[in-house]
Amino acid sequence: MEIITHDIIIIGAGLAGQMAALAASQSSDTAIVSKVHPIRSHSGAAQGGINASFGNVSDDDWEKHAFDTAKGSDYLADQDAVEILCKNITSRIVEIDHFGAIFDRMPDGRLAQRPFGGGSFPRTCYAGDATGHEMLNTLYEQLIKNNVRVYEEWLTTSLMVENNEYKGVLAINLKTGETAYFRSKAVIVATGGCGRVFERTTNSHQSTGDGISMAYRAGAQVCDMEFVQFHPTTLVGTNILISEAARGEGGFLMNSENKRFMESYAPSAKELAPRDIVVRSIQTEIEKGRGISGGEFVWLDLTSLGSEKLMEKLPQVYKLAKDFANVDAAQDCIPVQSAQHYTMGGIRTNNNCESSIKGLLACGECACVSVHGANRLGGNSLAETLVFGKIAGERALEYIRKKGTPGIQREAAEKEEERINHLFRSGDESVPELRKELQNIMWERAGIFRNESDSREALKAVKTLKKRYSNAGVKDSCRIFNTDLMQAIELGFLLDNAELIAQGALLRRESRGSHFRTDFPQRDDKNWLTHTIIAFKDGKPQVTFEPVRITLFKPEARKY
Amino acid sequence: MTEIKLIIFRYDPSKDEKPHYETYTVPWRQRLTVLDALNYIKENIDSSISFRQGCRSAICGSCAVRIEKRGCLACKTTIGEETREITIDPLNHYKVIRDLVVDLEPFYERMKQIQPYLVRNNTIAMTTKEMLIKPEDLAEAKNLRDCILCGSCFSDCNTLDVDNTFCGPAALVKTLRFASDPRDNNEGRLAQAVELGLYKCPVDQECEFACPKEINIRRGAIERLRYLAVQKELAPLPEHKKLINSVLDSGGIVPVKAKPATEMFPEYIKEFDGEPQAEVLLYLGCIINRRKQNVAAAIINIFQNNRIAVHLPGKVTCCGSPFMRIGQRDSMRPFVEKNFSIFNDYAARGITDVVTSCSGCNSTFRHDFPKLAKEFDIPMNFRIFDVGEYMYEKIALNVKGLKKTNIRAMYHYPCHIRASGLAEDIYIDLIQRIPGVELVKVPKSGYCCGGGGGVRAAFPELADRLAVRRIEIAKESGVDTLITNCPFCVLSFERVLGMKEERGEKMGFRIIDFYEMFSEAYSI
Ligand SMILES: Cc1cc2nc3c(=O)[nH]c(=O)nc-3n(C[C@H](O)[C@H](O)[C@H](O)COP(=O)(O)OP(=O)(O)OC[C@H]3O[C@@H](n4cnc5c(N)ncnc54)[C@H](O)[C@@H]3O)c2cc1C
Ligand code: SF4
Ligand code: SF4
Ligand code: FES
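Residues numbered from 1 in each chain as written. Chains lettered and ligands numbered in written order. Predicted model: local features only at pLDDT ≥ 70, side-chain atom pairs only at ≥ 80, totals over all residues. Heavy atoms only, no water.

Turning next to the overall build of chain A. Counting its secondary structure elements, chain A contains 16 helices and 21 strands. Along the three orthogonal principal directions, the C-alpha set of chain A runs to about 65 × 50 × 50 Å. Nonlocal contacts in chain A, meaning residues at least 24 apart in sequence, comprise 74% of its contacts between residues at least 6 apart. For chain A, the exposed surface amounts to about 17800 Å²; the carbon and sulfur share of it is 47%. Computed over 67 positive and 73 negative side-chain charges, the inter-centroid distance for chain A is 3 Å. (Helix = DSSP H or I, 4+ residues; strand = E, 2+ residues; numbered from the N terminus. Contact = heavy atoms within 4.5 Å. Areas by Shrake-Rupley, 256 points an atom, 1.4 Å probe, with all protein chains shown as cover. Lys, Arg positive; Asp, Glu negative; His and termini not counted. Charge placed at Lys NZ, Arg CZ, Asp CG, Glu CD.)

Residues and elements named next belong to chain A. Read from one edge to the other, the open sheet built from 4 strands follows the order β13-β16-β15-β14, with strand pairing classed as antiparallel. With one partner strand each, in any of the chains shown, β13 (228-235) and β14 (252-254) form the two edges of the open sheet. Averaged over neighbouring strand pairs, the angle between their axes works out to 45° when direction is ignored. In this sheet, strand β16 (residues 334-343) lies alongside strand β15 (residues 298-301) in antiparallel orientation, the contact comprising 3 bridges. (Pairing = 2+ DSSP bridges. Axes fitted to C-alpha atoms, helices over the stretch in contact; angles between N-to-C directions.)

All right, on to the site of ligand 3 then. For ligand 3, the set of nearby residues contains 14 residues, the closest of which are B:Cys147, B:Cys150, B:Gly151, B:Cys153 and B:Cys211. Residue composition of the shell around ligand 3, by class: 11 nonpolar, 2 polar and 1 charged. (Near = heavy atom within 4 Å. Nonpolar A, V, L, I, M, F, W, Y, C, P; charged D, E, K, R; others polar.)

Once that is clear, we can look at the site of ligand 2. Residue and element names in this part refer to chain B. Close to ligand 2 lie 13 residues; Cys157, Cys201, Asp204, Gln205 and Cys207 are nearest. Breaking the shell around ligand 2 down by element, the ones donating at least two residues are α5 (158-162) and α8 (206-210). Residues of the shell around ligand 2, tallied by class, amount to 8 nonpolar, 3 polar and 2 charged.

What follows deals with the confidence of the model for chain B. Averaged over chain B, the pLDDT score is 94; the fraction of residues at 70 or greater is 98%. Among the prediction metrics, the complex's ipTM stands at 0.95, with pTM recorded as 0.95. (pLDDT = per-residue confidence, 0-100.)

For the rest of this paragraph, the subject is the sheet that holds strand β21 (residues 540-547) of chain A. Residues and elements named next belong to chain A. Overall, mixed pairing links the 5 strands, which are arranged β19-β17-β12-β20-β21 in an open sheet. With one partner strand each, in any of the chains shown, β19 (367-368) and β21 form the two edges of the open sheet. Sheet strands in contact with helix α15 (residues 483-507) are β12 (222-223), β20 (530-537) and β21, and its direction is about 50° off that of β21.

Once that is clear, we can look at helix α10 (residues 315-325) of chain A. Residues and elements named next belong to chain A. Along α10, the residues classified as buried are Gln316, Val317, Tyr318, Leu320, Ala321, Phe324 and Ala325. Each element contacted by the buried residues of α10 is listed here: β13, α9 (306-313) and β16. Asn326, located one to two residues past α10, shows a positive phi value of around 60°. (Buried < 20%, exposed > 50% of the residue type's maximum accessible area, 1.4 Å probe, protein only.)

Another aspect to go through is the nonpolar core. Grouped together as the largest cluster of nonpolar side chains are 209 residues, with contacts concentrated most on A:Ile50 and A:Phe103. Ranked by residue count, the leading element in this core is helix α11 (residues 380-401) of chain A, at 11 residues. Ignoring any residue separated from it by four or fewer positions in sequence, one finds A:Phe103 in contact with A:Ile50, A:Ile93, A:Ile96, A:Asp97, A:Leu111, A:Cys125, A:Tyr126, A:Ala127, A:Thr131, A:Met135 and B:Leu138. In this structure, A:Leu159, A:Ile489, A:Ala498 and B:Val101 belong to the second largest nonpolar core, which totals 72 residues. (Core = buried A, V, L, I, M, F, W, Y, C linked by side-chain atoms within 4.5 Å.)

Two residues of an α-helix separated by three or four positions point the same way, owing to the 3.6 residues in each turn. All names here are of chain A. Here helix α1 (residues 15-24) lies mainly inside the structure; 10 of its 10 residues are buried. All of the buried residues in α1 are Leu15, Ala16, Gly17, Gln18, Met19, Ala20, Ala21, Leu22, Ala23 and Ala24. Buried residues along α1 sit against β2 (8-11), β3 (30-34), α3 (79-99), α4 (131-145), β11 (186-189) and α11.

Attention now moves to the packing of aromatic side chains. Residues and elements named next belong to chain B. This model, assessed by the stated rule, comprises 32 aromatic pairs over all chains. Aromatic pair Tyr283 and Phe365: ring centres 4.9 Å apart, planes at 75°, arrangement edge-to-face. Of this pair, Tyr283 sits in strand β9 (residues 278-283) while Phe365 sits in helix α16 (residues 359-376); the two residues are 82 residues apart in sequence, bridging distant segments of the chain. A residue is classified by how much of its surface remains accessible, and Tyr283, at 2% relative accessible area, is buried. (Phe/Tyr/Trp six-rings, centres within 6.5 Å; stacked < 30°, edge-to-face > 60°.)

With that settled, the discussion passes to the interface of chain B and chain A. Every contact between the two is made by 65 residues of chain B and, on the other side, 69 residues of chain A. For the pair chain B and chain A, the two sides together bury roughly 5300 Å², of which 51% comes from carbon and sulfur. The three residues of chain B that bury the most area against chain A are B:Arg56, B:Glu130 and B:Arg145, which together make up 14% of that side's buried surface. For the interface between chain B and chain A, the tally reads 11 salt bridges. For A:Arg435, the salt bridge goes to B:Glu43, with nearest N and O atoms at 3.2 Å. Counting across the interface, chain B meets chain A through 34 residue pairs in polar contact (both at pLDDT 80 or more). For the side of chain B that touches chain A, the secondary structure elements donating two or more residues are α1 (34-44), β6 (95-98), α2 (105-113), α3 (135-143) and α6 (169-179) of chain B. In terms of residue count, α3(B) provides more of the side of chain B that touches chain A than any other element does, 4 residues in total. Broken down by class, the residue content of the side of chain B that touches chain A amounts to 28 nonpolar, 13 polar and 24 charged. (Buried area = accessible area lost by both parts, 1.4 Å probe. Salt bridge = Lys/Arg side-chain N within 4 Å of Asp/Glu carboxyl O. Polar contact = N/O pair within 3.5 Å; in protein donor to acceptor, adjacent residues only side chain to side chain.)

Attention shifts here to the environment of B:Leu132. For B:Leu132, the position within the fold is in the loop between α2 and α3. Expressed as a C-alpha distance, the spacing of B:Leu132 and B:Arg183, which sit 51 residues apart in the sequence, is 10.0 Å. Residues within four places of B:Leu132 in sequence aside, it is in contact with A:Asp108, A:Gly109 and A:Arg110.

Residues and elements named next belong to chain A. Running from N to C, helix α5 (residues 210-217) and α15 point in directions that differ by 75°, and their axes come no closer than 8 Å. Relative to α15, the element α5 is oriented roughly perpendicular. For the pair α5 and α15, contact is made by Asp210, Ile212, Ser213, Met214, Tyr216 and Arg217 and by Glu490, Gly492, Phe493, Asp496, Asn497 and Leu500, respectively. Taken together, the residues of the contact of α5 with α15 break down into 5 nonpolar, 3 polar and 4 charged. (Parallel < 35°, antiparallel > 145°, perpendicular 65-115°, else oblique.)

Below, the discussion takes up the side chain of B:Lys200. Residue and element names in this part refer to chain B. With respect to the helices, strands and loops of the structure, Lys200 is situated in the loop between α7 (189-195) and α8. In this structure the side chain of Lys200 is engaged in a polar contact, spanning 2.9 Å, whose partner is the side chain of Thr165. Those residues within four positions of Lys200 in sequence are excluded, and the remaining contacts are Thr159, Asp163, Thr165, Phe166, Arg226, Val455, Phe459 and Leu462.

The next thing to look at is the pattern of salt bridges. Residue and element names in this part refer to chain A. Evaluated as defined, the whole model comprises 93 salt bridges over all chains. Here Lys390 and Glu95 are joined by a salt bridge, their closest N and O atoms 2.9 Å apart. Placement of the pair is Lys390 in helix α11 and Glu95 in helix α3, with a sequence separation of 295 residues. Note on accessibility: Lys390 and Glu95 belong to one class, buried.

We now examine the layout of surface pockets. All names here are of chain A. Its volume calculated, the second largest pocket comes out at about 850 Å³. As for the second largest pocket, its lining consists of 23 residues, of which Ser158, Arg217, Lys415, Glu416 and Arg419 are closest to the centre. Among the secondary structure elements, those contributing two or more residues to the lining of the second largest pocket are β8 (154-162), α5, α12 (410-425), α14 (452-469) and α15. Top contributing element to the lining of the second largest pocket by residue count: α12, with 6 residues. (1 Å grid on protein atoms, 1.4 Å probe; cavity = no way out; pocket = protein on both sides within 12 Å on 5 of 7 lines; lining within 4 Å. Points joined across faces, edges and corners; volume = space filled by probe spheres on them.)

All names here are of chain A. By the alternation rule, side chains of β2 split into Ile8 and Ile10 and Ile9 and Ile11, which are all buried. As paired elements, β2 and β3 share 4 bridges and run parallel to each other. Note on β3: the bridge partner recorded for Ile10 is Ile32. Crossover β2 to β3 through α1 is right-handed. Relative to β11, β2 runs parallel, the two sharing 4 bridges. The partner of Ile11 across the bridge, within β11, is Val189. (Right-handed = clockwise from strand over helix to strand, strands pointing away.)

Given below as structure tokens:
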């Protein structure tokens with residue numbers, strides 16, 4: 001097995017990973033390992049924008065941003081982490097603006113800001129409706145400029161940890177099929193979310209929760225996985241996202257009776273209530289038979305914006321509707337339904353992005369610091385990638401200062417190689433079949449509305465699927481660019497993520513943010529102002545609870 | 001149930017000596033995309049098929065392949081119910097890693113050549129505030145930022161087929177993205193673009209047809225960069241200056257050697273009895289007027305056979321296309337003024353249809369002149385047509401008793417005809433009205449003759465290689481004749497055929513001018 005040595009390895013080349021790499025590579029030998037070329041990372045799909053309290057449009061400041069974030073999180077976010085996010089994000093945006101990102105501007109040359117769900121002011125900076133694309137390109141340009149080493153199209157499969165200390169990463173070079181051992185003093189996991197656990201998701205095929213699963217297997221604490229954000233407006237069928245910016249710019253939602261139903265669920269914020277609320281409202285309308293033609297969707301009406309504003313502010317939305325739903329949004333309503341969108345939970349870290357394993361840091365969607373709590377506000381996750389990506393990179397630099405290059409975990413590495421080889425030999429369970437079953441069950445039983453028996457059933461089903469997975473085989477025997485193998489490995493990751501979600505959903509007997517239990521429809525601050533922490537120890541998951549850090553704002557009823 | 005056949009390029013370098021195609025049958029459903037179909041195959045028929053995918057929403061650029069030989073995104077290509085068969089290949093100009101997965105390294109490398117990042121003279125310290133930039137100053141860069149680096153344009157680029165030192169379209173788009181950013185301090189970008197092949201592109205627009213993000217690569221980036229290069233006196237290239245001087249001296253890009261057609265024919269031609277079906281102003285363009293008088297005669301003959309009276313003004317001047325194509329937009333005024341004032345004069349007399357016989361003139365009149373005319377405040381009281389378009393769409397074409405010609409050929413679709421928004425099928429249909437003609441089609445019709453964009457003047461060998469390649473593509477399809485309707489294309493092909501003959505190489509290949517052929521069919 002080839003051994004590759006660097007000071008710091010960053011797994012993932014989305015915004016979080018690239019930001020971390022830019023910081024870490026300033027004074028160390030840093031390399032990124034990513035299963036896709038950096039520019040193909042799912043961050044590029046982010047549309048609507050990034051929150052920062054520049055106050056260009058209104059009288060805003062970091063505290064107001066923090067308040068909205070904490071309230072939006074249904075008070076499950078750790079408020080000291082939220083403070084870091086909201087205080088630092090303006091500088092991060094200034095930085096990326098200086099790197100060359102083309103954010104939309106106001107006539108006087110300052111950054112434009114648009115309203116977004118759950119924000120009390122227009123606070124969302126944007127680049128049309130391709131903000132992630134713009135930012136990802138800009139950071140990638142900086143990677144090129146700074147000559148950062150990227151191992152692109154390398155799939156990491158496991159983290160080597162000994163005595164709760166990180167030692168290395170194993171990865172398969174997809175182009176050759178060969179496995180290599182990456183040895184480094186520290187690793188930053190930035191592998192994104194696990195949207196593909198669900199049948200309906202806005203996420204890329206790549207969003208399979210690899211890092212969360214790898215860290216979990218290695219013994220790290222994973223936090224709040226039951227909090228899964230569903231997005232209200234995705235195209236029927238493909239579940240391609242129609243950005244919240246569509247509502248921010250003035251679009252509204254209508255049911256089969258042509259009624260703007262959000263008026264009765266969130267009388268003042270209406271369509272711009274936080275996502276969990278809008279999602280449940282849509283789902284309630286559908287369940288009451290007020291979906292369009294009795295079906296599983298409602299209308300998103302953008303016709304009142306006029307085609308000029310549509311083209312100027314939402315060109316991608318316009319094209320997506322045209323190309324993927326055959327709807328001319330300037331003339332007709334877009335049929336939309338809710339779908340999984342964001343993973344609030346993840347690898348538990350402290351405010352310096354350090355996990356419970358020494359030398360293992362995490363940032364971005366795969367991490368849980370936690371700034372999003374029970375419900376992320378639109379525009380806050382791009383913010384998180386920049387702020388905590390940079391912190392992770394800087395912290396890793398500090399950590400490695402006193403570290404020597406670790407030894408090689410030969411035995412563990414060989415065991416991992418054997419596990420991969422086993423996939424080529426195993427039985428006749430089919431990977432796509434298992435994946436489909438998993439996605440269905442999770443959507444049905446661990447989706448927007450949950451209850452005790454559904455959660456129990458989901459957990460049981462996932463465990464059964466895990467057993468069957470050990471019998472799943474890769475039919476394609478060629479090692480070169482074997483996407484069959486890649487999908488089999490990813491399914492293994494998905495199963496862990498699903499188990500963690502189902503387990504959390506079962507445990508949490510209350511409703512908070514995105515987690516809604518019909519059998520416990522109220523928020524319960526007395527018992528549940530806590531994070532759900534699950535760690536894999538001694539061959540099984542161990543659950544603990546950790547109190548939320550409330551430093552700024554006392555929890556209060558969440559009304560919009 | 002409707003079924004679709006997918007014919008897919010397969011190659012496993014660990015086993016296969018060479019690639020082969022495999023056919024899979026996939027059930028059709030509403031809004032089925034090519035990526036859906038590939039996933040269907042992978043999940044249900046053959047799990048070994050390899051392709052890249054990601055966002056499935058046309059933003060990550062992973063899934064670029066060639067469908068019917070043209071680069072595009074699999075996730076953005078919907079399969080219509082009437083489709084029976086689709087051929088899917090990996091992108092061109094890259095090494096195949098496996099099946100539909102290619103190594104995009106050459107594309108990324110070219111991109112890296114141009115310093116694809118904002119370059120600042122770091123004199124301005126990072127402040128706590130964003131830079132103040134007026135939205136209008138970022139407008140151009142903003143328009144160019146949509147590129148998702150999918151590599152489709154690079155796959156389909158004509159020039160790259162014969163010259164791999166060319167940086168390719170996306171790198172030029174990226175160059176302008178930075179060159180037009182007021183924050184960028186790299187003054188060398190335009191010179192570098194010229195260096196990396198800005199003028200090697202015949203502006204055939206093939207890249208633009210491939211681009212899934214609908215980036216205006218040709219006019220919005222390549223020709224714009226040329227314009228800026230001219231402003232900075234980095235261009236035109238010395239050879240272009242000669243060409244330009246010839247136009248300024250003689251009013252056309254080819255010198256007057258024989259009597260021009262406008263002098264061979266009267267100003268007004270109506271050689272039939274009775275009322276004309278229509279009256280048109282015929283603008284020949286310098287090549288036909290000065291070199292291809294036979295074609296002029298043929299067009300006039302076609303019009304006479306269709307009872308169309310022709311006005312052939314002698315005083316018109318060059319369409320200015322060569323200036324436009326190499327970036328000398330600022331020299332266009334006299335051409336617009338002179339030609340349009342003549343056209344407007346005729347329009348005042350009721351002759352409002354201006355018909356051009358050269359596709360280069362046509363697309364210049366159609367695309368560039370209206371904007372320029374607006375700037376110069378010149379009215380446009382007439383409409384522009386191509387001769388073929390006029391035959392096809394404006395009149396009841398007389399096809400009675402057309403003489404049979406037994407011929408098997410391929411139609412060469414000129415890029416300027418395409419740029420004018422005229423469908424290939426118009427010309428294919430017209431050609432097929434002549435009895436006895438059998439046309440062979442190539443799936444991708446955008447192959448270039450090498451004659452456009454000033455390439456012939458500045459890089460004659462490159463232009464020749466393009467022309468030869470076009471001929472070879474036809475030969476590979478088993479035909480020995482190209483029919484076309486652009487005098488630039490005809491000249492390009494004739495030139496390389498002539499050179500080959502001179503060197504004693506027997507090409508056994510013919511170029512036929514569409515109008516001559518059609519006119520011939522009338523002569524019974
Ligand atoms: C459609 C859409 C629109 C969105 N719009 C917005 C918005 O407007 N505003 C906002 O704030 N947020 C938005 N979000 C959320 C936001 O885009 C993401 O949360 C954020 O970009 C995540 O970035 P990341 O760097 O953590 O992960 P990602 O961008 O997902 O990157 C993950 C990286 O990890 C790599 N990786 C994963 N697994 C492995 C492995 N096993 N081995 C090696 N590499 C691996 C991948 O290759 C990739 O490079 C949106 C999300 C979606 C899906
Ligand atoms: S116009 Fe043709 S030659 Fe020029 S860059 Fe595009 S494809 Fe290449
Ligand atoms: S210019 Fe268009 S075709 Fe070329 S890489 Fe960019 S998006 Fe793809
Ligand atoms: S899958 Fe991302 S562009 Fe097609």
